[in-house]
Amino acid sequence: MEKKPLDGPFGVEISGLNLTQKLDAATRAHVNSAFVDNVVLCFRGQSFKTPDEFLHAVENLGRPMPPVTATYRLPGYEAIEELTNQATDKRTGDDLPLKRGGSWHTDHSNLACPPKATVLYAIEVPELGGNTEFTNLYLAYDALDDNTKQRIRGRRAFHAYLSRRAPRKLLTRTKAEEEGSSGCWQPLVREHPETGRAALYLNPMRCDAVEGLDEAEGDALLDTLYAHCEQPQFQYSHRWRPGDVLIWDNRCALHQATFDFDRHKLRYLHRIMLRGDAPRLAI
Ligand SMILES: [Fe+2]
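Note that the structure is predicted; figures quoted are calculated from it, not measured. The written sequence of each chain sets the order in which its residues are numbered from 1. Thresholds applied to this predicted model are a pLDDT of at least 70 for local features of residues and 80 or more for the giving and counting of side-chain atom pairs; totals over whole chains, interfaces and linings are not thresholded and use all residues. Water and hydrogen atoms play no part in the side-chain values, which are based on all heavy atoms of the structure.

1. A closer look at the coordination of the iron ion
- Only nitrogen, oxygen and sulfur atoms qualify as donors, provided they sit within 2.8 Å of the metal or within 3.2 Å for Na, K and Ca; with water excluded from the atoms, sites may seem incomplete. Binding of the iron ion to the protein goes through His-105 (NE2), Asp-107 (OD) and His-255 (NE2), at separations of 2.1 to 2.2 Å.
- Working definition: with a 1.4 Å probe on protein chains only, accessible area under 20% of the residue-type maximum means buried, over 50% means exposed, and in between means partly exposed. Classification of His-105 as buried rests on a relative accessible area of 9%.
- Residue His-255 is classed as buried on the basis of its relative accessible area of 5%.

Listed below in structure tokens is the structure:
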């Protein structure tokens, strides 16, 4: 097993590790510390003959968690989703290709216990474009001025399923799905449960209000923080190769997919999220 930095300010590539094998405890611990230390981890050259092999591989990294909406689940699998640029919103009947994940967000932050990580397996990807981009929210938090840190530490934001301010639409939920995902208050600055470090915890798709601030003040604060996070020194853009398995830490990163490639080319990945804890306020 070899490690080398990815092409950006954070992230690590691991080669020489076959994830279809059940990893022993020492190797798992080694992989987990590479993951929490580097936020994004890429295992190159993986080859799964069946979805079950992918599922078992991911069980080396954590406990799989089903998505809130069942629409894009791989038939026969609760926790594996298909991510494809050729999907449309099957429920609304909109026949435009769905640009899933096409703006900055962190997965399922409207749940009391959002997924700690998300894992993607690249099956077919365009040669150019279709990257997944990441913002490191430890770095973004550390670079804030002291006044802003003081203003947001200990404060919470409300994460709805779909914020009134969201830049794109999300899948329509069934009534049953709505009940389990109505929204909740989350820390603006989150203490990472494994590293103990403070990170911003934001979601432009879901944040609807800031505790103790009126709507205009809350919106202005969120906009300032979002703009701050856009700086390239906090970002890594992953150029996919078929066979990549990428895992990222939702507790300290934003991500987005890019749709800058020929829409007739296929971008097809499998996705599994891993269960996480209730976010803790950094105080
Ligand atoms: Fe996502």
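2. Description of the pattern of salt bridges
- Here a salt bridge means any side-chain nitrogen of Lys or Arg lying within 4 Å of a carboxyl oxygen belonging to Asp or Glu. What the rule picks out here adds up to 17 salt bridges.
- With its nearest N and O atoms 3.2 Å apart, the salt bridge here joins Arg-197 to Asp-142. One end of the pair, Arg-197, is in the loop between strand 10 (189-191) and strand 11 (198-200); the other, Asp-142, is in helix 3 (residues 137-142), with 55 residues separating them in the sequence.
- Residue Arg-197 is classed as partly exposed on the basis of its relative accessible area, which comes to 36%.
- Between Arg-156 and Glu-211 there is a salt bridge whose closest N-O contact spans 3.1 Å. Within this pair, whereas Arg-156 is found in strand 8 (residues 156-160), its partner Glu-211 is found in the loop between strand 12 (207-210) and helix 6 (215-229), the two being separated by 55 residues in sequence.
- Given the relative accessible area of 31%, Arg-156 is considered partly exposed.
- Ionic contacts of the salt-bridge type, sharing partners, join the residues Arg-164, Arg-165, Asp-208, Glu-215, Asp-219 and Asp-223 into one network. Put simply, DSSP H or I for four residues or longer makes a helix, DSSP E for two residues or longer makes a strand, and each gets a number counted from the N terminus.

3. Considering helix 6
- To estimate how far a helix should extend, the number of its residues minus one is multiplied by 1.5 Å. Helix length check: helix 6 (15 residues) gives 21 Å between terminal C-alpha atoms against 21 Å at 1.5 Å per residue, within 8%.
- Those residues of helix 6 not exposed but buried are Gly-218, Asp-219, Leu-221, Leu-222, Leu-225, Tyr-226, His-228 and Cys-229.
- If you follow the buried residues of helix 6, they end up packed against strand 7 (132-136), helix 3, helix 4 (146-152), strand 11, strand 12 and strand 13 (235-238).
- You can read the cap of helix 6 off the contacts: a side-chain oxygen lies 3.2 Å from the backbone nitrogen of Ala-216, and it is on Asp-214. Only heavy atoms matter for contacts: two residues are in contact if any of them lie within 4.5 Å across the pair. Contacts described as polar in this section are N or O atom pairs within 3.5 Å, which, within protein, must combine one atom able to donate a hydrogen with one able to accept it, while residues neighboring in sequence count only if both atoms come from side chains.

4. Digging into the sheet that holds strand 11
- When DSSP finds at least two bridges between two strands, those strands are taken to pair. Across the sheet, 3 strands lie side by side as 11-10-17; this open sheet has antiparallel pairing. The sheet is open, and its two borders are formed by strand 11 and strand 17 (280-281), each paired with just one other strand.
- Relative to strand 11, strand 10 is paired through 3 bridges, and the arrangement is antiparallel. When the sheet's bridge partners are listed, Val-189 is paired in strand 11 with Leu-200.

5. Remarks on the sheet that holds strand 7
- The sheet built from 3 strands is open, its strands ordered 13-7-15 with antiparallel pairing. On the outer flanks of this sheet lie strand 13 and strand 15 (253-257), each paired with one strand and no other. Neighbouring strand axes in the sheet, compared pairwise and without regard to direction, differ in orientation by 20° on average.
- Where strand 7 and strand 15 come together, 5 bridges link them in antiparallel fashion. In the strand pairing of strand 15, Asn-136 is matched with Ala-253. Axis angles are defined between N-to-C directions and span 0 to 180 degrees, where every axis is a line fitted to C-alpha atoms and, for a helix, only to the segment in contact.

6. Description of helix 1 (residues 25-38)
- Its 14 residues give helix 1 an end-to-end C-alpha distance of 20 Å, which sits within 8% of 20 Å, the value for a rise of 1.5 Å per residue.
- Among the residues of helix 1, those classed as buried are Val-31, Ala-34, Phe-35 and Val-36.
- Contact partners of the buried residues in helix 1: strand 1 (2-5), strand 2 (12-15), strand 3 (40-43), strand 6 (117-124), helix 3 and strand 14 (245-249).
- The N-terminus of helix 1 is capped by Asp-24, whose side-chain oxygen sits 3.2 Å from the backbone nitrogen of Ala-26.
- After helix 1 finishes, the residue Val-39 shows a positive phi value of roughly 70°.

7. As for the nonpolar core
- What we call a nonpolar core is a set of buried Ala, Val, Leu, Ile, Met, Phe, Trp, Tyr and Cys residues that are connected through their side-chain atoms within 4.5 Å. Membership of the largest hydrophobic core comes to 42 residues, with the highest contact counts inside it found for Val-40, Ile-152, Leu-188, Leu-200, Leu-202 and Leu-225.
- Listed by contribution, the elements that provide at least two residues to this core are strand 3, strand 6, helix 3, strand 11, strand 12, helix 6, strand 14 and strand 15.
- Counting residues per element, this core draws most heavily on helix 6, which supplies 5 residues.
- In this structure, Leu-202 is in contact with Thr-106, His-159, Leu-188, Cys-207, Leu-222, Leu-225, Tyr-226, Cys-229 and Leu-254, ignoring residues within four places of it in sequence.

Keep in mind that these numbers describe shape and distance, not what the molecule does.
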